[in-house]
Every structure is written in C-alpha cells, then in structure tokens.
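# A structural walkthrough
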Amino acid sequence: HFQNVELPPAGVAIIRFDNPDKKVNTLSFALMREAQTMWEADIQSNSDIKSIVFTSAKESGFIAGADIFDISSVQDKSELVPVIEEALNFFLHMKAKEVPMVAAIHGPALGGGLEWALWCDYRICTDSKATKLGLPEVKLGLLPGFGGTQNLPALVGIQGAMDMMLTGKNILPAKAKKMGLVDLVIAPQSLESVAIETAEGLANGTVKKSKPKKKSLINRLIEDTPPGQNLMWSKVKETVDKNTDGNYPAPYEIIDCVKYGLAHPGMEKFKHEREGFAKLAATKESEALIGLFDGTTQMKKLSSGAEPIKVKKVAVMGAGLMGAGIAQVTAEKGYNVLLKDRDDAAVGRGISYMTDNWEKKCKRKRMTNYELNTNSSRVTPLSDDTESWKRHFAGADLVIEAVFEDLALKRKIIQQVEEVTPDHCVFATNTSAIPIADIAAPGEEVKRSENVVGMHYFSPVPQMPLLEIIPHARTSDEALATAFAVGNKQGKTCVVVKDVPGFYVNRCLGPILSEVTALVKEGVPLDRLDKAMKKFGMPVGPITLIDNVGVDVASKVSNYLASADLGVRMGGGDLSLLSNMVEKGWLGKKSNQGFFTYSGKKGKPSIGPEVTAYLKDFTDGNTSDLSETDIQNRIVARLVNEAAMCLQDEIIENPVCGDIGLVFGIGFAPFRGGVFRYLDSVGTSSFVDMMNGYAETKGEQFEPVQLLKDYAASGKKFHGN
C-alpha cells in the first residue's frame, strides 16, 4: 500500500500511498497494518529524517476514503472499537516523533483520507478539478472515526466543520483554502517540489506551522460563548430534524461527538468518537446505506461484458426540456453534441436552457467560465432548415431521440437518421411509454433494428441520477453496451430493464397512484397522505409528487398502465380523480394549480376552496382518520408487490437493480436501502401477512405475488442469508 520511502538529502522523507490492487487508494485495515510496519522500519528511529511528506503515487488521487468493505466484513461491530483505537494510536505515535508532516493532495482526499491529512501539520492541495476534500461518512450512516469529529472543528471552526460532516459535501480547492482546510493551493505539476520545500521550511523554521483560521467577531460570539453555542446547536438540530425527519441516526451522533469533544478536551473525546462509530456501524440504517453504495458500484458494470463502440459525437433529436437536459449532461462529459429540432426557435430554447443552467453553476462556483465556454462550444445547434445537418449527422456514433410520444413520428425519425448516419450508429429512444419493440420493428422506416435501444431519462435530466436502459429482443449486445457506457459517462446510474409497459420505475409507480386515489376516495386528507409518506422517508409525499411531475403526466401514466398487462394490480382506485383534474386545467405546479394552489415563489402551497369542493364531491362527503401506519403500509405494499413482480418476471436482473432503481428513480427512503432490503429488514413473512390482511378487507389488488409468498414460506432473504 506504500512505495518505498524516499529520503532526499535535505532530510525530507517522502511517503507515497500506492495500493497495487486498486485504481484508487483506500484506508483499509491492511494499509494501516503496513503503515505501522513501514513507520517502525524506516521512520521512527531514523534521526536523519527532519520532516515528512505524505502523497500519492496514483494520478487518481490521495485517498478516496476508508475501505467500506472492511467495515462490512466485521460481524460484531463492537470489534471495530479496538481496530480504530489501534489506528488512532498510530496517528498519535506519528505526531510523537515531533517532525513536521505535510499532506500533499491531488485528487480526492475523502473520509479517512482527509482525516489522515488532518493529523498533519500542513496541507497543500492542487487546483485540479479532480481535487476535492470531504468527510462523506454521514452518507453511509457513519461518522468520521479517525479523529475527524475532533480535528476538523479545531481547524476550520465548529460551523464549517458541522456543515461538512452533516452534509458529506465535497470542498473544492479554492473554498478549502478560504475556510482554512488547506494552507496552500498550487498547480499539480508543482505539488511535490513545493511540498518538499515546505517540509524543509517547517523543519528549519522558515515556514510556520498551520494554525486554525482566525475567527471573525461574530463567529467568536457564536462558537466560543455559552449563549452563542446554545443558539448554534439548536439551529443545527433544527436543520437536521427538518432534513432527516429523525430517520437517520448518524447526524445526531456526529453532533454528540463534537459537543462531547468541546466538553472533554483530553483523549477521552477520541474514545467517545470510536464508540459512536461502532454504534452507528451496527445500525440497520448504515447497513442499508452501505448496501446502496455497494449496489451503485456494482451497477457500473454491464453483466454481458460486450464491448461498446467508441462514441465521440452524440446527436440529440428534440430540444425540449428532456432533449436539452440530455444534451447538457452529454456536453459536460466531453462529447461533441448535435442538438436538432424542427426550427431555429425550438433549438434556441434548448440552447438557452443549457446556458442558463451553466450560468447558475458558474454563480455557485461549481463551474468556471472557461468550462462554460468549452461546454457551449461542444454543442452544435441544428434545425430542419440547416442545410448541413445531414453532413453533421454523418459523423454521429449515437443518436438519442427525445421527441413527442408518437410511434409514427419516432419511426419516421429513425428512417431520417438511418439515411444519413454510419452503419454502426446506435439509435436510442427516450420514450417513457411506447414499447421499444414497436419503435424498432423492422420495416420500411427501420432497417437497423439491432441498433435501436431505449434510454429512459428522468426529469429534470441534469439532477436525476437514474437511467433505465431497455433493449428489445433484437437489440445487439454492442448497442446495449454503448448506451450503458454513454449513460455511465453522463454520470447516470444505469439499470437495464426488460421492454414492458412502464419499464421498471413507472411500472412500480402505477399501483401507488391507484392506491393514492383509493385513499383520497375514502376521505383521507391530502396533507395527511403527504405527511405519512414523508415520515416513512420519501423525499416528498404522493400528492406533492403528482403536482410536481404534473397531474396530466400522472393521469396518462396511470391510465396507460391500467390498460396494460398489470391486471388487478392496478385496481382498487378511481383514476377519474386525476383525469377530471386534467379536464379542469389543474395540471399541478406548472399551472399553479393541482391538488395544491401555488402562489408566488415563497407562498406555501395551500388547498383552495375549488379543490375542497371537488374532493367533497369525489369522496361523497366521506372522511377518514386512517392511521399514519395504515397509510404507509397500503402505499408501500402496492409498490413493493409490483417491484417483486418485476423481479419475478425478470424485468429487472436482481434485487440490487430493484433497490437502486426505486431509490434513485422515485426517492424510496434511502435509509431503508431500497424495497428488497426493506423486505429483508421487516421480514417478508410478516409483510405478506400484512398484505393478506389488506387483500381480505380491501381487495385482490393487495394479493402478494408468488415470489413474495415463496420467500415468506422459506424465510429466504433477497440480500444474502
């Protein structure tokens, strides 16, 4: 895990992290053992060493974090306490040599990697786009366990440290320097020479050791006085309560560790931290979040192993919100993009959408002006009137179509594209409803059916992380691999799904929409529905979700699925609730009127008199005080049952795909790890019993699918046993 220690003449020891078995360095149990051996053999008793530089031999980065699978492999999490204690004692042992230590960082220094750097006396990082610093443990339901909850607040102040640790956000070089997280930001090519010079200067006294950033008067009042601290901690807790609904234990444990450290300045604070780490590692929330992390990593590889074609130029047909969003994420990742629509005005709107998004990123310091200009230069706007559009398309390797949901139009577009593109060009359709097999059926319009594949993006494309990739029966392995490779490069998590109505995510959403209409019909208040599902862990409640995606879209999806192949699983509701609203022009947030009325940017959505009257008529005046648990169970049962049916019918490949698809596609409570991990947690047997109870009282739409019955009978789990 280390290269041989180098010792140049000036007495600066250079220690390079270099894990030979991985693309990135991780802070594993094996690395820590090797570090101790290396230190004793090469550093501890060598009096020629006056200072030390820690850096990485890998271009990929410093240290990308702790090895999460080491933590997962320990069954009894209390055994982690002595392991962390040994690592912490090693850091203290390093400090005890009393020679200055410099962390020279290029690329990611995350989690345990940043914690290592925090034990050093000076931190230098490169100004590369690849360089980012952060403590993302909270995203895995954990806390920084190698002294991070103590060393970070001492360096950058309590407020800056809490913001980093409670969000897990990455800090870019300029911000890191401003907040005092690093002492120096330099060009990558100068990193090592400057780090050696600095280490030399620290040893001979010409460079001063890093000191915590001086606090402003207001920050001293907030962080260093009892009244200020009381106000600060109450605000921190209020924010965490709001963001987590109390469903995630890690942020509260992080707060506790920092507060404990302020009250106990000795070694006791580190003991408290590692005990907190072990406690969190044993929670089902951490297991679920680590499962999602592992699943996302697994999803980066396509099981077929086929080679994609080399894609340099991507054409996007249709410059509406979806098309422009696809073009944006494609250009950002270095592809040359052709954006085509009917006329110049339509293309212009698409270009404006992208430019506006990039300008917002620049304002938020998430993109430089140079990057904005580079991205813009990669996009070529084209319309039917552009004489050269066919010549441009002759160089396209992938065409992504994002036009209206009209089968004849989509097939006509394939015909146009096939006439002007090379034989290897893959054609992807962004349909959300039309079967790919119908779009790709060989005939007069479609000659290269094997090149056609579905790429179903979610809106808004730049923000939504999921991409469903849908091959039809004749899609070639090469075309599928190409769509998968491009989706990955666009920064999407790709799930390969069978060509069925609704694919996977929308297919699972259908029965939820049906159940929501049933609950509304029974007289369950709208805000009660939303509150119950937010409490369960969904990002928004189902009523707000329908308003956000559009009542017209929800109505179209639910009616389409009701007439598809789901049968009784779409029953039990009254979809006229939505279609009548569409007729009234109540389309949701986009028309300022859906279930809720939206007035102005800051106005809180409210239920107006017209909707109240409409609902009274729809429910025949019924009211229901159904419990929060019943609301949650009924909605979740419909979702889980359909996801299980998708697994049973091999619409999705495995439970990991099912979990990732619904967490990233509709925001299924991440702390539950996805639908199949949720079943493992609550027990499939008890879940099936609950569904059988609802089937008896509410109808056959709650009948558990065979796969659930089989797992319930055998006691088998979806994720291991």
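Residues numbered from 1 in each chain as written. Predicted model: local features only at pLDDT ≥ 70, side-chain atom pairs only at ≥ 80, totals over all residues. Heavy atoms only, no water.

Below, the discussion takes up the packing of aromatic side chains. Tallying each qualifying case throughout the model produces 23 aromatic pairs. Taking 5.7 Å as the distance between ring centres and 10° as the angle between the ring planes, the aromatic pair formed by Phe91 and Trp119 counts as stacked. Taken together, the residues Phe91 in helix H3 (residues 80–96) and Trp119 in the loop between helix H4 (112–118) and strand E5 (122–126) connect sequence positions 28 residues apart. With a relative accessible area of 0%, Phe91 lands in the buried category. An aromatic cluster is built from Phe2, Phe17, Trp39, Phe54, Phe62, Phe90, Phe91, Trp116, Trp119, Phe146 and Phe270, whose rings are joined through pairwise contacts. We note Lys340 situated over the ring of Trp389; from NZ or CZ to the ring centre the distance is 4.5 Å. Positioned above the aromatic ring of Phe536 is the side chain of Arg672, whose terminal nitrogen or guanidinium carbon lies 4.0 Å from the ring centre. (Phe/Tyr/Trp six-rings, centres within 6.5 Å; stacked < 30°, edge-to-face > 60°. Helix = DSSP H or I, 4+ residues; strand = E, 2+ residues; numbered from the N terminus. Buried < 20%, exposed > 50% of the residue type's maximum accessible area, 1.4 Å probe, protein only. Lys NZ or Arg CZ within 6 Å of the ring centre and 35° of its normal.)

Glancing now at the pairing of strand E12 (residues 426–429). Every second residue of E12 is oriented toward a common face, with Val426 and Ala428 on one face and Phe427 and Thr429 on the other, all of them buried. Where E12 and strand E13 (residues 452–457) come together, 3 bridges link them in parallel fashion. Counterpart to Thr429 in the pairing with E13 is Gly454. (Pairing = 2+ DSSP bridges.)

Right, let's get into a positive patch on the surface. There is a patch of like positive charges on the surface, built from Lys175, Lys177, Lys178, Lys213 and Lys365. Of note, Lys178 is situated in helix H7 (residues 173–178). (Patch = residues over 30% accessible without salt bridge, like charges linked within 9 Å, V, L, I, M, F, W, Y side chains within 5 Å. Areas by Shrake-Rupley, 256 points an atom, 1.4 Å probe, with all protein chains shown as cover. Salt bridge = Lys/Arg side-chain N within 4 Å of Asp/Glu carboxyl O. Lys, Arg positive; Asp, Glu negative; His and termini not counted. Charge placed at Lys NZ, Arg CZ, Asp CG, Glu CD.)

Attention shifts here to the packing of helix H27 (residues 628–648) against helix H30 (residues 684–698). As a packed pair, H27 and H30 sit with axes 11 Å apart at the nearest point and diverge in direction by 105°. The orientation of H27 relative to H30 falls into the category roughly perpendicular. The residues of H30 that touch H27, namely those facing Asp630, Asn633, Arg634, Val636, Ala637, Val640 and Asn641, are Phe687, Met690, Met691, Tyr694 and Lys698. Of the residues belonging to the contact of H27 with H30, the class tally is 7 nonpolar, 2 polar and 3 charged. (Axes fitted to C-alpha atoms, helices over the stretch in contact; angles between N-to-C directions. Parallel < 35°, antiparallel > 145°, perpendicular 65-115°, else oblique. Contact = heavy atoms within 4.5 Å. Nonpolar A, V, L, I, M, F, W, Y, C, P; charged D, E, K, R; others polar.)

Turning our attention to the side chain of Glu137. Relative to the helices and strands, Glu137 is located in the loop between strand E6 (132–134) and helix H5 (148–156). Salt bridges are absent for the buried Glu137, whose nearest opposite-charge side chain, Lys139, sits at 9.9 Å. If we skip the residues at most four places from it in the chain, Glu137 touches Gly111, Gly112, Glu115, Leu142, Leu143 and Pro144.

Nonpolar side chains collect at one region of the surface, where Leu217, Ile218 and Leu221 lie side by side and expose about 310 Å² of accessible area between them. By secondary structure assignment, the location of Leu217 is in helix H9 (residues 217–223). Overall, the relative accessible area of 56% leaves Leu217 in the exposed class.

We now examine the pattern of salt bridges. For the structure shown, the criterion picks out 33 salt bridges. Across the pair Lys361 and Glu332 runs a salt bridge, and its minimum N-O distance is 3.2 Å. You can see Lys361 sitting in helix H15 (residues 344–363) and its partner Glu332 sitting in helix H14 (residues 321–332), a full 29 residues away along the chain. Under the relative-accessibility criterion, Glu332 is labelled partly exposed at 21%. Between Glu515 and Arg638 there is a salt bridge, with its nearest N and O atoms 2.4 Å apart. In this pair, Glu515 is assigned in helix H21 (residues 505–522) and Arg638 in helix H27, connecting sequence segments 123 residues apart. Taken together, the shared-partner salt bridges connect Glu515, Glu522, Arg634, Arg638 and Lys698 into one network.

Of all hydrophobic cores here, the largest spans 102 residues; its most connected members are Phe393, Tyr504, Leu662 and Phe676. Ranked by residue count, the leading element in this core is H27, at 11 residues. In contact with Phe676, not counting residues within four places along its chain, are Tyr504, Ala643, Ala644, Leu647, Ile652, Pro655, Gly658, Asp659, Phe718 and His719. Judged by nonpolar contacts, the second largest core, of 73 residues, contains Phe91, Ala109, Leu166 and Val182. (Core = buried A, V, L, I, M, F, W, Y, C linked by side-chain atoms within 4.5 Å.)

Attention now moves to the sheet that holds strand E3 (residues 101–105). Spatially, the 5 strands line up as an open sheet ordered E1-E2-E3-E5-E7, and their pairing is parallel. What marks the edges here is a single partner per strand, and that holds for strand E1 (12–17) and strand E7 (184–186). When the angles between neighbouring strand axes are averaged without regard to direction, this sheet yields 20°. Inspection of the sheet shows strand E2 (residues 51–56) paired to E3 by 3 bridges, in the parallel sense. Bridge pairing in E3 links Ile52 to Met101. The sheet strands contacting helix H1 (residues 29–43) are E1, E2 and E3, and the helix crosses E1 at an angle near 160°.

Bringing the environment of Ala669 into the picture now. Relative to the assigned elements, Ala669 resides in the loop between helix H28 (655–666) and helix H29 (675–682). Residue classification places Ala669 among the buried positions, given a relative accessible area of 0%. If we ignore the near neighbours within four places in the chain, the residues touching Ala669 are Phe536, Gly537, Met538 and Gly674.

Quick look at helix H8 (residues 191–204) now. Spanning 14 residues, H8 covers 20 Å between terminal C-alpha atoms, matching the ideal 20 Å at 1.5 Å per step. Among the residues of H8, Leu191, Val194, Ala195, Ile196, Thr198, Ala199, Gly201 and Leu202 are the ones counted as buried. Elements in contact with the buried residues of H8: E1, E2, E3, E5 and E7. Positive backbone phi, at 90°, marks Gly205, one or two positions downstream of H8. (Expected span 1.5 Å × (residues − 1).)

Among the 6 residues in E13, 6 count as buried, and that is most of the element. By the bridge criterion, 5 bridges tie E13 to strand E14 (residues 466–471) in an arrangement that is antiparallel. When the bridges of E14 are listed, Met455 appears paired with Ile469.

Quick look at the sheet that holds strand E10 (residues 379–383) now. Read across the sheet, 8 strands follow the order E10-E9-E8-E11-E12-E13-E14-E15 without closing on themselves; strand pairing throughout is mixed. This sheet does not close on itself; its edge strands, each paired only once, are E10 and strand E15 (493–496). Averaged over neighbouring strand pairs, the angle between their axes works out to 25° when direction is ignored.

Our next topic: the environment of Ile254. Mapped onto the elements of the fold, Ile254 is located in helix H11 (residues 249–263). Take Ile254: its relative accessible area is 0%, and that puts it in the buried class. It is 10.0 Å that separates the C-alpha atoms of Ile254 and Gly145, two residues lying 109 residues apart in sequence.

Running from N to C, H5 and H11 point in directions that differ by 70°, and their axes come no closer than 9 Å. Viewed along their axes, H5 and H11 adopt a mutual orientation that is roughly perpendicular. Note on packing geometry: the crossing formed by H5 with H11 is right-handed. Within the contact between the two elements, H5 uses Thr149, Gln150 and Pro153 and H11 uses Cys257, Val258 and Gly261. Here the residues of the contact of H5 with H11 are counted per class, giving 3 nonpolar, 3 polar and no charged. (Left-handed = near helix turned anticlockwise from the far one by under 90°.)

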